[in-house]
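Listed here are the chains, written in short residue letters.
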Amino acid sequence: GHKNTGEPLNSEDTGLLAAVAGQIATALENARLYRQLHVKAHELDRMRAFNENILQSLADGLLVVDLNDQIVRWNTALEQLYGLTRLEAVGQRLQDLFDPPFVEAIRAARRDTPAGATLSRIPLIARGQTSSETMIVNAAVVPLRTAEDEGTATVGTIVIIEDVTRRVQLEEQLQISEKMASIGVLAAGVAHEVNTPLTGISSFTQMLLEGADPEDPRTRLLQKIERQTFRAAKIVNGLLNLSRPQSAGSEFAPVDINTVINDVLALLEHQLQLHHVKVRRELTDGSVTVLGLEHKLQQVFLNLLLNARDAMPKGGWLSVATRVQDGKVAVEVADTGSGIPSEYLARIYDPFFTTKAMGQGTGLGLSITYGIVREHDGSIDCESVVGQGTRFILEFPSAPVELSARAAQQ
């Protein structure tokens, strides 16, 4: 080339151009390398964001702890499951957030099976909610490894938590349904076998009552036997309806709750005396009438009173009170027995659940009681303190005034 004046380039000019060209080449090469670095960094950010999206999109809870059991990762699903946000959890130690049994289960799995293990159906209590809720979870525990020149090294632990509470409940309901179906088949045979001797007892009792002196104390005993025989027959027949829904609303009639309670207490009077149980009655004056089935309401109070008796093996006080308030009939049955542990209160109405020793209870009493109460549009609540006693509070809608008056006249 040449200069703008047309003169050829001399040696100084070419030397200057060579020096500048080297600088420009270096700048261009640096720019190219910087561009490649920028592209790689962008790709790395995209991969990191992609991996983060995968972790955050998991339906199961995931946490990662380092070698000191300090939490370094906590995904969105675990926030919703456990009730703590990522900011609240990250940086905390494992034992500071979870209950000791859960932490010990993870450590035992990590110690016994270093390659990874799955823990099935272990309890987990949510800590971040206003009311702690016990869940049943499966937990997969696997080591977090990183590649090194010498091989791989473990730098932490990954824990994946799956909430299976609903699944466990459905499985339990299925098992209960199968048991109830078996009971339904058994009840059909039992009803026939038991009704036969009950018919004989009822017939012989009615024969003895014919011409009996109404003032004779034995006559009242025979009348009690007759009433309880009829009630037993109704209960046995009611077993046939245990495993299928009932439509007995049209059969409801006015029933005096005070009369039902007095009848049941009279039936259990001898048993309560043998167990040194003293009865305190606080029944409201007058008629306390509800719409229902008398023999089923008798079954309710029979179950509650028998449970109270069993809770006081060394004796105690059994209190029964009734009252009418806000258009409802309330009944309280309280004892001074051993009480029910708080962890069992939520399950006392489950079929086949019992805290009694083997052979002393079937776990159906309170389940049947709950079903009968709900069938009568009522409610039942339980308050219990271990070592102090238990109190059941039942509420039923009051019968209409005209039906109550008619029942009183009858």
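Chemist: Can you tell me about the sheet that holds strand S10 (residues 328-335), naming the residues and giving the values?
Modeler: As summarised here, the arrangement of the 5 strands in space is S7-S9-S10-S12-S11, forming an open sheet in which the pairing is mixed. The open sheet has two free edges, formed respectively by strand S7 (277-282) and strand S11 (379-385), since each of these has just one partner strand. Shown here is a sheet whose adjacent strand axes are inclined to one another by a mean of 15°, direction ignored. Here S11 pairs with strand S12 (residues 389-397) via 7 bridges, running antiparallel. Within S12, the residue paired with cysteine 382 across the bridge is phenylalanine 392. Those strands touched by helix H9 (residues 294-310) are strand S9 (316-325), S10 and S12, and its axis lies near 25° from that of S10. Against the sheet, helix H11 (residues 365-375) contacts S11 and S12, and its axis sits at roughly 140° relative to S11.

Chemist: So what's going on with the nonpolar core? Which residues, and what values?
Modeler: Ile257, Phe301, Leu305, Leu318, Val331, Phe392 and Leu394 are the most contacted members of the largest nonpolar core, which totals 35 residues. For this core, the elements supplying multiple residues, two or more each, are helix H8 (257-274), H9, S9, S10, H11, S11 and S12. Aside from chain neighbours lying at most four places away, what touches leucine 305 is Val264, Leu265, Leu268, Leu318, Val320 and Val333. One finds Val65, Ala89, Phe98 and Ala109 within the second-largest nonpolar core, a separate group that totals 27 residues.

Chemist: Break down the side chain of aspartate 335 for me, citing the residues and quoting the values.
Modeler: Residue placement: aspartate 335 occurs in strand S10. No salt bridge is formed by the buried aspartate 335; its nearest oppositely charged neighbour, arginine 391, is found at 10 Å. A distance of 2.8 Å separates the side chain of aspartate 335 from the backbone nitrogen of glycine 337, its partner in a polar contact.

Chemist: Break down the packing of H9 against H11 for me, with residues and values.
Modeler: Look at H9 against H11: their axes get within 9 Å of each other, and the N-to-C directions meet at 145°. For the element pair H9 and H11, the recorded crossing hand is left-handed. Contact with H9, carried on its side by Lys296, Gln299, Val300, Asn303, Leu304 and Asn307, involves Gly365, Leu366, Thr369, Ile372, Val373 and Glu375 of H11 and no other residues of that element. Taken together, the residues of the contact of H9 with H11 sort by class into 5 nonpolar, 5 polar and 2 charged.

Chemist: Which residues make up a nonpolar patch on the surface, and what values go with them?
Modeler: Among the surface-exposed residues, Leu16, Val20, Ile24 and Leu28 lie close enough to one another that they form a single nonpolar patch of about 390 Å² accessible area. Secondary-structure assignment places leucine 28 in helix H1 (residues 11-57).

Chemist: Before we move on, can you summarise the packing of aromatic side chains with the specific residues and values?
Modeler: All told, the structure shown has 4 aromatic pairs when counted by the stated rule. Each ring, one from tryptophan 74 and one from phenylalanine 98, has its centre 6.1 Å from the other, and the planes form 35°; the classification is tilted. Residue tryptophan 74 is found in strand S2 (residues 71-74), and its partner phenylalanine 98 is found in the loop between helix H4 (94-97) and helix H5 (100-112); the two are separated by 24 residues along the sequence. Ring centres of phenylalanine 98 and phenylalanine 102 lie 5.0 Å apart, and the angle between their planes is 35°; this geometry places the pair in the tilted category. Exposure class is identical for phenylalanine 98 and phenylalanine 102. Each is buried. Every member of this aromatic cluster is reached through a ring pair, and the members are Trp74, Tyr82, Phe98 and Phe102. Taking NZ or CZ as reference, arginine 280 lies 4.4 Å from the ring centre of tryptophan 317, over its face.

Chemist: Lay out the confidence of the model for the chain in plain terms, naming residues and giving numbers.
Modeler: Scored by pLDDT, the chain comes out at a mean of 83, with 85% of its residues at no less than 70. Confidence scores differ between elements of the chain, with helix H12 (residues 401-409) showing the lowest mean pLDDT of 57 and S10 the highest of 93.

Chemist: Describe unusual backbone geometry, naming the residues involved and giving the relevant values.
Modeler: The phi dihedral of arginine 121 is positive, around 55°, even though this residue is not glycine. A residue is classified by how much of its surface remains accessible, and arginine 121, at 45% relative accessible area, is partly exposed. In this model, aspartate 377 sits at a positive phi of 60°, which is unusual for a non-glycine residue. With respect to the element layout, aspartate 377 can be found in the loop between H11 and S11.

Chemist: Kindly report on the side chain of asparagine 258, identifying the contributing residues and their values.
Modeler: Tracing the backbone shows asparagine 258 in helix H8. A relative accessible area of 7% means that asparagine 258 is categorised as buried. For asparagine 258, the contacting residues outside a window of four places in its chain are Leu283, Thr284, Gly286, Val288 and Thr322.

Chemist: Can you tell me about the packing of H8 against H9, naming the residues and giving the values?
Modeler: It is the contact of H8 with H9, at a shortest axis distance of 9 Å, that shows an interaxial angle of 40°. Classified by the angle between their axes, H8 and H9 sit oblique to one another. As for how H8 packs across H9, the hand of that crossing is right-handed. Where H8 approaches H9, its residues Ile257, Val260, Ile261, Asp263, Val264, Leu265, Leu267, Leu268, Gln271 and Leu272 are matched on the opposing element by Glu294, Leu297, Gln298, Phe301, Leu302, Leu305, Leu306 and Arg309. Per-class residue counts for the contact of H8 with H9 are 13 nonpolar, 2 polar and 3 charged.

Conventions we followed
Residues numbered from 1 in each chain as written. Predicted model: local features only at pLDDT ≥ 70, side-chain atom pairs only at ≥ 80, totals over all residues. Heavy atoms only, no water. Pairing = 2+ DSSP bridges. Helix = DSSP H or I, 4+ residues; strand = E, 2+ residues; numbered from the N terminus. Axes fitted to C-alpha atoms, helices over the stretch in contact; angles between N-to-C directions. Contact = heavy atoms within 4.5 Å. Core = buried A, V, L, I, M, F, W, Y, C linked by side-chain atoms within 4.5 Å. Buried < 20%, exposed > 50% of the residue type's maximum accessible area, 1.4 Å probe, protein only. Lys, Arg positive; Asp, Glu negative; His and termini not counted. Salt bridge = Lys/Arg side-chain N within 4 Å of Asp/Glu carboxyl O. Polar contact = N/O pair within 3.5 Å; in protein donor to acceptor, adjacent residues only side chain to side chain. Left-handed = near helix turned anticlockwise from the far one by under 90°. Nonpolar A, V, L, I, M, F, W, Y, C, P; charged D, E, K, R; others polar. Patch = residues over 30% accessible without salt bridge, like charges linked within 9 Å, V, L, I, M, F, W, Y side chains within 5 Å. Areas by Shrake-Rupley, 256 points an atom, 1.4 Å probe, with all protein chains shown as cover. Phe/Tyr/Trp six-rings, centres within 6.5 Å; stacked < 30°, edge-to-face > 60°. Lys NZ or Arg CZ within 6 Å of the ring centre and 35° of its normal. pLDDT = per-residue confidence, 0-100. Parallel < 35°, antiparallel > 145°, perpendicular 65-115°, else oblique.

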